[in-house]
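Now for the letters of each chain:
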Amino acid sequence: MLQSERLWIKKPLAILVDDGQDARGGIVTSGGVITELVAGGHQPSAFDKVYDASQVVVLAGLINSHHHYYQTLTRAYPGALNQELFSWLQNLYPLWAGLEPEMLAVATKLALGELLLSGCTLSADHHYLFPAGMEQSIDVQVEAAQAIGIRTLFTRGSMSLGQDDGGLPPQSTVQQQVDILADSERLINKYHQRGEGAMLQIALAPCSPFSVTPEIMRESAKLAERLQVRLHTHLAETKDEEQFCLERFGLRTVDYLESVGWLHDRTWLAHGIHFNDAEIAKLGAAQVGVCHCPTSNMMLASGIARNLELEQAGVPVGLGVDGSASNDGSNMIQEVRQALYLQRLRYGASKVSHLDAYRWATKGSAALLGRSDVGVIAVGKQADLALFKLDEMRFSGSHDPLAALLLCGAHRADRVMVAGQWQVIDAELVGFDVPQLIAQHSALALKLANKLR
């Protein structure tokens with residue numbers, strides 16, 4: 001489809017638009033953006049092509065605000081089953097230390113393909129593993145993602161506190177501060193796109209309090225401020241992490257965050273489960289964002305994030321699938337369903353609706369990534385859309401299409417548009433040789449596992 005063509009996505013079965021606007025007649029896209037909302041019973045002012053949407057539910061493209069693509073290589077790994085976070089990590093770190101560039105490239109492609117198929121149009125990856133031979137990891141990921149057509153944010157993660165100095169990761173996986181900062185600045189200058197419609201961005205992401213020094217946290221914050229990019233880290237995921245911060249720094253997690261200069265609106269946190277009321281108020285006042293990762297939190301029994309209290313305090317709340325070794329998938333529409341149900345378990349069925357879950361996965365995640373041009377269907381916003389059919393047995397007998405997507409368990413989009421271009425058609429990835437990718441990925445996963453044998 002030519003960018004200049006005006007496409008009318010006509011009369012959808014249901015459409016989720018912002019602020020109660022009427023788009024029952026559909027939407028028009030042109031030049032990669034949404035140019036018109038069509039009210040029920042009306043036609044667009046002008047159009048060149050028509051897509052009949054009468055059998056589909058139209059959502060703004062879902063946004064994944066926390067992931068670890070390389071972990072697709074270690075799903076359901078026997079040595080890490082049935083464990084909580086710290087022991088899970090300690091069993092997987094030696095395996096991950098054997099990562100190779102080809103493995104990361106293929107894992108990145110596979111994860112992004114999975115995400116696209118599930119209705120995701122923008123995804124953030126947190127890559128923090130740079131053992132010997134993997135110093136160019138983000139470059140490898142950028143190259144792998146170039147032909148896929150999904151918006152990406154790659155975070156230059158880091159680990160600088162190894163086991164020899166009281167941290168969790170093995171020494172072979174940590175880097176020196178000077179190398180981390182130099183590479184971070186190089187990547188921002190080389191790849192980071194600014195402004196509306198950006199397809200590729202870079203953020204800085206020291207891994208966690210138990211794997212980096214306070215110095216790298218402070219210096220990363222200074223660099224991010226100077227170059228005006230966002231900051232990301234894991235925080236308050238488990239009680240063990242809270243205890244680690246108290247013992248090593250004499251501070252709870254949010255106080256530690258403040259002590260290293262991270263308490264501001266360019267920061268978003270993965271998990272954010274174990275905050276008390278005062279900490280939630282402090283995060284809200286600073287506009288620090290939190291990415292809720294429901295499946296991972298259930299798999300590792302880490303706890304349940306306090307989404308409603310966070311939002312009430314002014315904290316932007318988004319959604320992420322997290323790593324494919326703790327999920328073990330990369331499916332955004334299923335993650336929206338998990339978020340709905342896990343948050344109902346905390347607050348009750350009447351307090352959390354499917355619309356809340358959709359908000360976390362669209363506008364909420366967009367806010368975490370500093371984007372105001374995506375995550376909503378409105379005139380002038382990017383034409384990032386996820387279209388779902390309700391033609392499977394699981395949907396038979398359903399009445400409210402928007403609710404049915406989650407309650408009946410949608411798992412695959414029929415069409416996905418990114419920047420006005422179809423990247424998924426008839427539930428298939430455009431331009432992907434999926435069987436070949438799976439075969440290559442599976443062989444590399446086995447190669448990685450065999451390194452420890």
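Right, let's walk through the structure included here. The residue numbers shown here count from 1 along each chain, following its written sequence. Given that the model is predicted, a residue must reach a pLDDT of at least 70 before its local features are reported, and side-chain atom pairs must reach 80 or more before they are shown or counted; all residues, however, enter totals for whole chains, interfaces and linings. Each side-chain value is worked out from all heavy atoms of the structure, with water and hydrogens disregarded.

1. A look at the sheet that holds strand β1 (residues 7-10)
At step 1: Note: two strands are recorded as paired if DSSP finds a minimum of 2 bridges between them. Under the scheme used here, helices are H or I runs from DSSP no shorter than 4 residues and strands are E runs no shorter than 2 residues, and both carry numbers assigned from the N terminus. What the four strands build is an open sheet, ordered β4-β3-β1-β5; its pairing is mixed. Pairing within the sheet leaves two strands with one partner each, and these edge strands are β4 (33-38) and β5 (49-52). Pairs of neighbouring strands in the sheet enclose a mean axial angle of 25 degrees, with direction left out of account.
At step 2: Inspection of the sheet shows β1 paired to strand β3 (residues 26-30) by four bridges, in the antiparallel sense. Its bridge partner lying in β3, Trp8 is registered against Val28. Note on method: axes are straight lines fitted to C-alpha atoms, helices fitted across the in-contact stretch only, with angles between N-to-C directions ranging 0 to 180 degrees.

2. Brief notes about the pattern of salt bridges
At step 1: Salt bridges are identified by distance alone: a Lys or Arg side-chain nitrogen within 4 Å of an Asp or Glu carboxyl oxygen. Enumeration according to the criterion identifies 24 salt bridges in this entry.
At step 2: Salt-bridge contacts for Arg252 lead to Glu242; the nearest nitrogen and oxygen are separated by 3.0 Å. Of this pair, Arg252 sits in the loop between α6 (239-249) and α7 (253-259) while Glu242 sits in helix α6; the two residues are 10 residues apart in sequence, bridging distant segments of the chain.
At step 3: Relative accessibility under 20% of the residue-type maximum defines a buried residue, over 50% an exposed one, and the middle range a partly exposed one, all with a 1.4 Å probe and only protein chains included. The class of Glu242 is buried, set by a relative accessible area of 14%.
At step 4: Ionic pairing is found between Glu392 and Arg394, a salt bridge with its closest N-O pair at 3.5 Å.
At step 5: Exposure remark for Glu392: the relative accessible area of 30% places this residue in the partly exposed category.
At step 6: The network of salt bridges with common partners includes Asp139, Arg156, Asp183, Arg186 and Lys190.

3. Side note on the sheet that holds strand β6 (residues 56-60)
At step 1: Across the sheet, six strands lie side by side as β2-β6-β15-β16-β17-β18; this open sheet has mixed pairing. What marks the edges here is a single partner per strand, and that holds for β2 (14-15) and β18 (428-429).
At step 2: As defined by bridge partners, strand β16 (residues 415-418) adjoins strand β17 (residues 421-425) across three bridges and the pair is classed as antiparallel. Bridging from a neighbouring strand, Met417 pairs with Trp422 of β17.

4. So, the nonpolar core
At step 1: Only buried Ala, Val, Leu, Ile, Met, Phe, Trp, Tyr and Cys residues count toward a nonpolar core, and they belong to the same one when joined by side-chain atoms within 4.5 Å. Leu59, Trp88, Trp96, Phe275 and Leu283 are the most contacted members of the largest nonpolar core, which has 123 residues in total.
At step 2: Among the elements that line this core, the one with the most residues is helix α2 (residues 101-117), at 11 residues.
At step 3: Core analysis: the second largest hydrophobic core is formed by 19 residues, Val17, Ile27, Tyr51 and Ala60 among them.

5. Describing unusual backbone geometry
At step 1: Between Asn327 and the following residue, Asp328, the backbone shows a cis peptide bond with an omega angle of 5 degrees.
At step 2: Summarising the element assignment, Asp328 is placed in the loop between β14 (317-319) and α11 (332-347).
At step 3: In this model, Asn82 sits at a positive phi of 60 degrees, which is unusual for a non-glycine residue.
At step 4: Note on placement: Asn82 falls in the loop between β7 (62-64) and α1 (85-96).
At step 5: On the basis of relative accessible area, Asn82 is assigned to the exposed category, the value being 81%.
At step 6: Although it is not a glycine, Ala236 sits at a positive phi angle of roughly 55 degrees.
At step 7: Position of Ala236 relative to the elements: it lies in the loop between β11 (231-235) and α6.
At step 8: Using a relative accessible area of 1% as the deciding quantity, one classes Ala236 as buried.

6. Thoughts on α2
At step 1: A rise of 1.5 Å per residue sets the reference length of α2, with its 17 residues, at 24 Å; its end C-alpha atoms lie 25 Å apart and thus fit the reference within 8%.
At step 2: Within α2, 13 of the 17 residues are buried, which leaves it mostly tucked inside the rest of the structure.
At step 3: The positive-phi residue at the C-terminal boundary of α2 is Gly119, with phi of around 95 degrees. In this scheme, a helix's expected span is set at 1.5 Å multiplied by one less than its residue total.

7. Considering the side chain of Asn327
At step 1: One can find Asn327 in the loop between β14 and α11.
At step 2: Side-chain polar atoms of Asn327 contact the side chain of Glu335, separated by 3.1 Å.
At step 3: The contact criterion used is simple: two residues touch if any of their non-hydrogen atoms lie within 4.5 Å. Those residues in contact with Asn327 that lie beyond four places of it in its chain are Thr295, Val321 and Glu335. For the purposes of these results, a polar contact is taken to be a pair of N or O atoms within 3.5 Å, where, inside protein, one atom must be able to donate a hydrogen and its partner to accept one; residues adjacent in sequence count only when each atom of the pair is a side-chain atom.

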